[in-house]
Amino acid sequence: MSELKTDVILRGDCIEVLKGLPDKSVDMVFADPPYNLQLGGDLLRPDNSKVDAVDDDWDKFESFAAYDAFTRAWLGECRRVLKDEGSLWVIGSYHNIFRLGAAMQDLGFWVLNDIIWRKSNPMPNFKGTRFTNAHETLIWAAKSREQKRYTFNYDALKAFNEDTQMRSDWTLALCTGHERLKDEDGAKAHPTQKPEALLHRVLLSASRVGDVVLDPFFGTGTTGAAAKRLGRHFIGIERDETYAKLAENRIKAVIPAAPEDLVVTGSKKAEPKVPFGALVEAGLLAPGDKLYCPKGEREARVRADGSLVSGALTGSIHKLGALLENAPACNGWTYWRFKTDTGLRPIDALRAEIRAGMQ
């Protein structure tokens, strides 16, 4: 196997090029494979103008069996080059996404989510014979069912979404306007160019700064552009030289974000563990200090060993809070407050001071 080179566009058939990449060498795969649309003739608008549909040779397969064989071949190679803690994303329409999902499961991938990309500006159904096709589906999968770890920037996405959990339905516009690449005649350079906003969210979700992202169907380089902007490395595979050159020029023009602006909101689970007793040791609280419940109706005294006492009840900040509230559990860090000149503040603010000093 050759040494892994990143931030490159490798020319050639995706399966043959994939065979030349080292085992377990990439952190994430994003794949936008041919959809095998099975078009049955020209599609016309009400004014009889022709719709610029996907009719390129790369989207044509002689049968479902041929498409399935192609799918399993490239997915198998992607699984080989994916690190054991990596993940894979594929995108498709109703024409192919179910076949892709079945092949992924058969090959050992473990589906984590399906994401609905709801298009805010979908193409109308000109014939009026079906529902307007207003979405595409992304499947996000771990390399295996046994995989213990994979990147998911939950807290960053929650911050991105105004402190609300990110849902599995994303409303984003189609690629239009200045972002849409055009050829010399002013026509669309690529029929299925994805919006960079979509790749921004995918990369923000499931990769870290410095990760290597592989796109085996690179097209005009949306994955590479988003990766460069977000401080990730990319490997693109593209067999069409026209698309590859467009992608190269596009990515060269991208200005990466400054490193300090790529730091994402971290998970509290990943922060250093701080016992309540550390607040007493540091002098942020003293034995005998009083703590209060959120409404100030109940109080407890701090003891030198980091436990609390309230009347005849004693215990940790969590246990005593649960006893006083007659609850099965309690997060003492957010339950207990200490007095300040401006009112009651959660003791979690004191824990944050300890953690800041540990950085």
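Relevant structure appears above.
Residues numbered from 1 in each chain as written. Predicted model: local features only at pLDDT ≥ 70, side-chain atom pairs only at ≥ 80, totals over all residues. Heavy atoms only, no water.

Our next topic: the sheet that holds strand β7 (residues 212-215). A sheet is described by the order of its strands in space; here eight strands give the open sequence β1-β8-β7-β2-β3-β5-β4-β6, paired in mixed fashion. Here the strands that pair on one side only, and so sit at the sheet edges, are β1 (8-11) and β6 (169-172). Each adjacent strand pair in this sheet contributes to an overall mean axis angle of 20°, direction not counted. Pairing analysis gives four bridges linking strand β4 (residues 110-119) to β6, with the strands arranged parallel. If you follow I116 over to β6, its bridge partner there is D169. Running at roughly 165° to strand β3 (residues 82-92), helix α3 (residues 97-106) makes contact with β3, β4 and β5 (135-142) of the sheet. Strands β2 (26-31), β3, β4, β5, β6 and β7 of the sheet are contacted by helix α5 (residues 196-206), whose axis makes an angle of about 145° with β6. (Pairing = 2+ DSSP bridges. Helix = DSSP H or I, 4+ residues; strand = E, 2+ residues; numbered from the N terminus. Axes fitted to C-alpha atoms, helices over the stretch in contact; angles between N-to-C directions. Contact = heavy atoms within 4.5 Å.)

Quick look at the side chain of D211 now. Locating D211 in the fold gives a position in the loop between α5 and β7. R208 provides the closest opposite charge to the buried, salt-bridge-free D211, at an N-O distance of 5.2 Å. D211 has contacts with D27, R232 and H233, leaving out every residue within four places of it along the chain. (Buried < 20%, exposed > 50% of the residue type's maximum accessible area, 1.4 Å probe, protein only. Lys, Arg positive; Asp, Glu negative; His and termini not counted. Salt bridge = Lys/Arg side-chain N within 4 Å of Asp/Glu carboxyl O.)

A word on α3. Three or more residues of α3 are buried, namely I97, L100, G101, A103 and M104. Buried positions in α3, seen along its axis, are confined to an arc of 165° and lie on one side of it. Among the exposed residues of α3, those pointing more than 90 degrees away from its buried face are F98, Q105 and D106. At its buried positions, α3 is contacted by α2 (64-81), β3 and β5. Immediately downstream of α3, the backbone of G108 shows phi near 110°, a positive value. (Arc of directions from axis to C-beta.)

What follows concerns the packing of aromatic side chains. What the rule picks out here adds up to 13 aromatic pairs. Seen in terms of ring centroids, Y335 and W336 are 4.9 Å apart; in terms of plane orientation they differ by 85°. Their pairing is edge-to-face. Of the two residues, Y335 and W336, both sit in the buried class. Among the aromatic residues, ring-to-ring pairing joins W89, W140, Y150, F152, Y154 and W170 into one connected group. A cation over an aromatic ring shows up here: K119 above the ring of W117, its NZ or CZ 5.3 Å from the ring centre. In this structure, R201 packs its charged tip against the face of W170, placed 5.1 Å from the ring centre. (Phe/Tyr/Trp six-rings, centres within 6.5 Å; stacked < 30°, edge-to-face > 60°. Lys NZ or Arg CZ within 6 Å of the ring centre and 35° of its normal.)

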